[in-house]
Amino acid sequence: MEPALAPDEYVLDTQVVRAFISVVRASIRSTASPEDACSAIRPHFAELLADRAWLPADYRASAPEGGMGGGIGQWLLFRAGDRSLSLFSLVVPPGAQTPVHDHLAWGLVGLYEGSQDEEIYEERDGRLQLLESRSLAPGDFYELIPPRDDIHRVRTTSGETSVSIHLLTNDTGCVWRHTYDAESGQRTPFRSGWVNVPCTEP
């Protein structure tokens, strides 16, 4: 007998979040590829980034105990019971930057508050090659479809904390991913964790 599936977790349980997740799931079911699903979700994601009222201050706060260091916090907002989808905010204090890291999932990432610089890398022959550097302002967002654009680093360039919204097709805070040394390309197993929800898996 298979174990019972865990229930969905609406950590931020609001009409806005539930409506958005409903649209996301319908888009995934009705499309044939991650690219098509992202295209279908894009206008709804843009609306979420433009709405200044839906994300409480608690989910825009830095976190000294965060798994990425530097006061960076990953706040879970929603997680599917089968761990196939998560919605979360990533909070990066002024002057802080994430390690170079991957995601191992496809989805959409967009800036909600502040400003960021992003560096996108590609792994080639055991080393990292910088592909692109770009600046992000509130409302900017992009598709993340591995292996394209899966390895990056973000840095807050504003005097205020930056907050980005991530919609990804895994339990991003609890899966084992990788950080990278930008100079040597060395990969290190990494689990960032959630600030507000524990990871129960080993």
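S.K.: Looking at this structure, I do not really get the side chain of His 152. What am I missing?
M.R.: Of note, His 152 is situated in strand E9 (residues 151-156). At 3.2 Å, the side chain of His 152 and the side chain of His 103 are in polar contact.

S.K.: Can you walk me through the state of the cysteines in this structure?
M.R.: By definition, a disulfide links two cysteine residues through a covalent bond between their sulfur atoms. In the structure shown here, the tally under the stated rule is one disulfide. Note that Cys 174 is cross-linked by a disulfide to Cys 199, the S-S spacing being 2.0 Å. Between Cys 174 and Cys 199, the S-S dihedral sits near -90 degrees, and the bridge is therefore left-handed. On the criterion of sequence distance, the pair formed by Cys 174 in the loop between strand E10 (162-168) and strand E11 (177-180) and Cys 199 in the segment after strand E12 (187-190) is long-range, its members being 25 residues apart. Residue Cys 174 is classed as buried on the basis of its relative accessible area of 5%. Here Cys 199 falls in the partly exposed class, since its relative accessible area comes to 24%.

S.K.: Looking at this model, I keep getting lost on the packing of aromatic side chains. Mind explaining?
M.R.: What characterises a pair of aromatic rings is the spacing of the ring centres plus the angle enclosed by the ring planes. Under the counting rule described, the total for this entry stands at six aromatic pairs. Judged by centre distance (5.9 Å) and plane angle (75 degrees), the ring pair of Trp 54 and Tyr 112 falls under edge-to-face. Of the two residues, Trp 54 is situated in the loop between helix H2 (34-50) and strand E2 (73-79) and Tyr 112 in strand E5 (residues 107-113); the sequence distance between them amounts to 58 residues. Exposure class is identical for Trp 54 and Tyr 112. Each is buried. An angle of 80 degrees between the planes, with centres 6.1 Å apart, marks the rings of Tyr 59 and Trp 75 as edge-to-face. Of this pair, Tyr 59 sits in the loop between H2 and E2 while Trp 75 sits in strand E2; the two residues are 16 residues apart in sequence, bridging distant segments of the chain. In this pair, the class of Tyr 59 matches that of Trp 75, namely buried. Grouping aromatic residues by their ring pairs yields a cluster made of Phe 20, Phe 45 and Phe 141. Across the ring face of Tyr 10, the terminal group of Arg 18 is positioned such that the distance to the ring centre comes to 3.9 Å.

S.K.: I tried to follow the nonpolar core on my own but got confused; where do I start?
M.R.: Among soluble globular proteins, nonpolar side chains are generally buried collectively. Phe 20, Phe 45, Trp 54, Leu 55, Leu 87 and Ile 165 are the most contacted members of the largest nonpolar core, which totals 30 residues. At the level of elements, helix H1 (15-29), H2, E2, strand E3 (86-92), E5 and E10 are the ones that each hand at least two residues to this core. Broken down by element, the residue count for this core peaks at six residues, all from H2. Once residues within four sequence positions are removed from consideration, Ile 165 is found in contact with Phe 45, Leu 48, Leu 49, Trp 54, Leu 55, Leu 87, Phe 88, Ser 89, Leu 108, Val 109, Gly 110 and Tyr 112.

S.K.: Which parts of the structure should I look at to understand unusual backbone geometry?
M.R.: For the bond running from Pro 146 to Pro 147, omega is 5 degrees, close enough to zero to count as cis. Locating Pro 147 in the fold gives a position in the loop between strand E8 (141-144) and E9. Its identity as a non-glycine residue notwithstanding, Arg 83 has a phi of 65 degrees, on the positive side. Relative accessible area serves as the criterion here: at 21%, Arg 83 is assigned to the partly exposed category.

Conventions adopted
Residues numbered from 1 in each chain as written. Predicted model: local features only at pLDDT ≥ 70, side-chain atom pairs only at ≥ 80, totals over all residues. Heavy atoms only, no water. Helix = DSSP H or I, 4+ residues; strand = E, 2+ residues; numbered from the N terminus. Polar contact = N/O pair within 3.5 Å; in protein donor to acceptor, adjacent residues only side chain to side chain. Disulfide = S-S within 2.5 Å. Buried < 20%, exposed > 50% of the residue type's maximum accessible area, 1.4 Å probe, protein only. Phe/Tyr/Trp six-rings, centres within 6.5 Å; stacked < 30°, edge-to-face > 60°. Lys NZ or Arg CZ within 6 Å of the ring centre and 35° of its normal. Core = buried A, V, L, I, M, F, W, Y, C linked by side-chain atoms within 4.5 Å. Contact = heavy atoms within 4.5 Å.

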